[in-house]
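# Report on the structure
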Amino acid sequence: MKKCFWISAYKKSGNTWMRAIISSLFFSKIGKFDFSLLKKINYFDSFKAYQFVKSINKNDFHNLTNINISYKYSIEAQKRANVGGDFAFFKTHSSNLLIKNNSYTNEENTRGLIYIVRDPRDVCISYSKFFGVSLDESISIMTNINSISFLYSQKVKDIPIFESRWDTHYLSWKKLKVPKLIIKFEDLVNQTEENIRKIINFFEENYNFIVN
């Protein structure tokens, strides 16, 4: 069963906005956004999804902050995901690359994908301001093929996120052979209503979903 519908983007590219749109369309009776709806679309990259590792290999379980180890179980975590139905929406900032022949996700587990792409120059500035780093540091992170981050502060690490380079991140998801919709952040800003209609049409055409 294909359990995961991904909402993916490089950090600071509009992922939360897309979650707000999707949650309003699918989880609100009148299509009105409420911040509580964001809980309907959670990060996949959390320890909660990897608790099963403890029963398989305790040493690996205690070292899941090592990306070489967590990647070993990424596909299995998706297979075991409790989605409360046929599938669930999940947010991720991870690229979809191989680490020691282990992929982040695949066509067998993926129901579909919405990818938000934003001008990297604007991503760089937003990244710098949000994380309190210099523009040079932001550029260094966005151009590092091995770039890894965590959802939370370094004091409370979670499952590592293999972001990689900005361009590699985009291409890694683009090549995934599943129903996908790629939305430009700038288009979402300038033609919001038109792009929300594109999202609705995408679900109606690919899944026969009737969105309120």
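As the structure is a computational prediction, the values presented were derived from the model and not from experiment. (Residues numbered from 1 in each chain as written. Predicted model: local features only at pLDDT ≥ 70, side-chain atom pairs only at ≥ 80, totals over all residues. Heavy atoms only, no water.)

Before going further, it helps to spend a moment on the overall build of the protein. Broken down by element type, the protein carries 10 helices and 9 strands. A compact globule built from 212 residues would reach a C-alpha radius of gyration of about 17 Å, and the protein, at 17 Å, matches this within 12%. In terms of overall dimensions, the protein has C-alpha extents of about 45 × 40 × 30 Å along its principal axes. Expressed as a percentage of its 212 residues, the buried residues of the protein come to 50%. Of the contacts made within the protein by residues no fewer than 6 positions apart, 71% connect residues no fewer than 24 positions apart. About 11300 Å² of surface is accessible on the protein, with carbon and sulfur atoms providing 51% of the total. Of the charged side chains in the protein, 31 are positive and 20 negative; the average position of the first set lies 6 Å away from that of the second. (Helix = DSSP H or I, 4+ residues; strand = E, 2+ residues; numbered from the N terminus. Rg over C-alpha atoms; globule rule 2.2 N^0.38 Å. Buried < 20%, exposed > 50% of the residue type's maximum accessible area, 1.4 Å probe, protein only. Contact = heavy atoms within 4.5 Å. Areas by Shrake-Rupley, 256 points an atom, 1.4 Å probe, with all protein chains shown as cover. Lys, Arg positive; Asp, Glu negative; His and termini not counted. Charge placed at Lys NZ, Arg CZ, Asp CG, Glu CD.)

Our next topic: empty space enclosed by the protein. Going through the model one piece at a time under the given rule, you end up with 1 cavity of 30 Å³ or more. Space inside the largest cavity adds up to approximately 50 Å³. Residue lining of the largest cavity: D45, Y50, S70, Y71, S74, S94, Y104, I159, P160, I161 and F162, and that is the complete set. Residues of the lining of the largest cavity, tallied by class, amount to 7 nonpolar, 3 polar and 1 charged. (1 Å grid on protein atoms, 1.4 Å probe; cavity = no way out; pocket = protein on both sides within 12 Å on 5 of 7 lines; lining within 4 Å. Points joined across faces, edges and corners; volume = space filled by probe spheres on them. Nonpolar A, V, L, I, M, F, W, Y, C, P; charged D, E, K, R; others polar.)

The tally for this structure, following the rule as stated, stands at 30 aromatic pairs. With 6.4 Å between their ring centres and 75° between their planes, Y71 and F162 make a pair best called edge-to-face. On the criterion of sequence distance, the pair formed by Y71 in the loop between α4 (67-70) and α5 (74-79) and F162 in strand β8 (residues 161-162) is long-range, its members being 91 residues apart. As far as the burial class goes, Y71 and F162 line up, both buried. With a centroid separation of 5.4 Å and an interplanar angle of 75°, the aromatic rings of F87 and F89 are classed as edge-to-face. (Phe/Tyr/Trp six-rings, centres within 6.5 Å; stacked < 30°, edge-to-face > 60°.)

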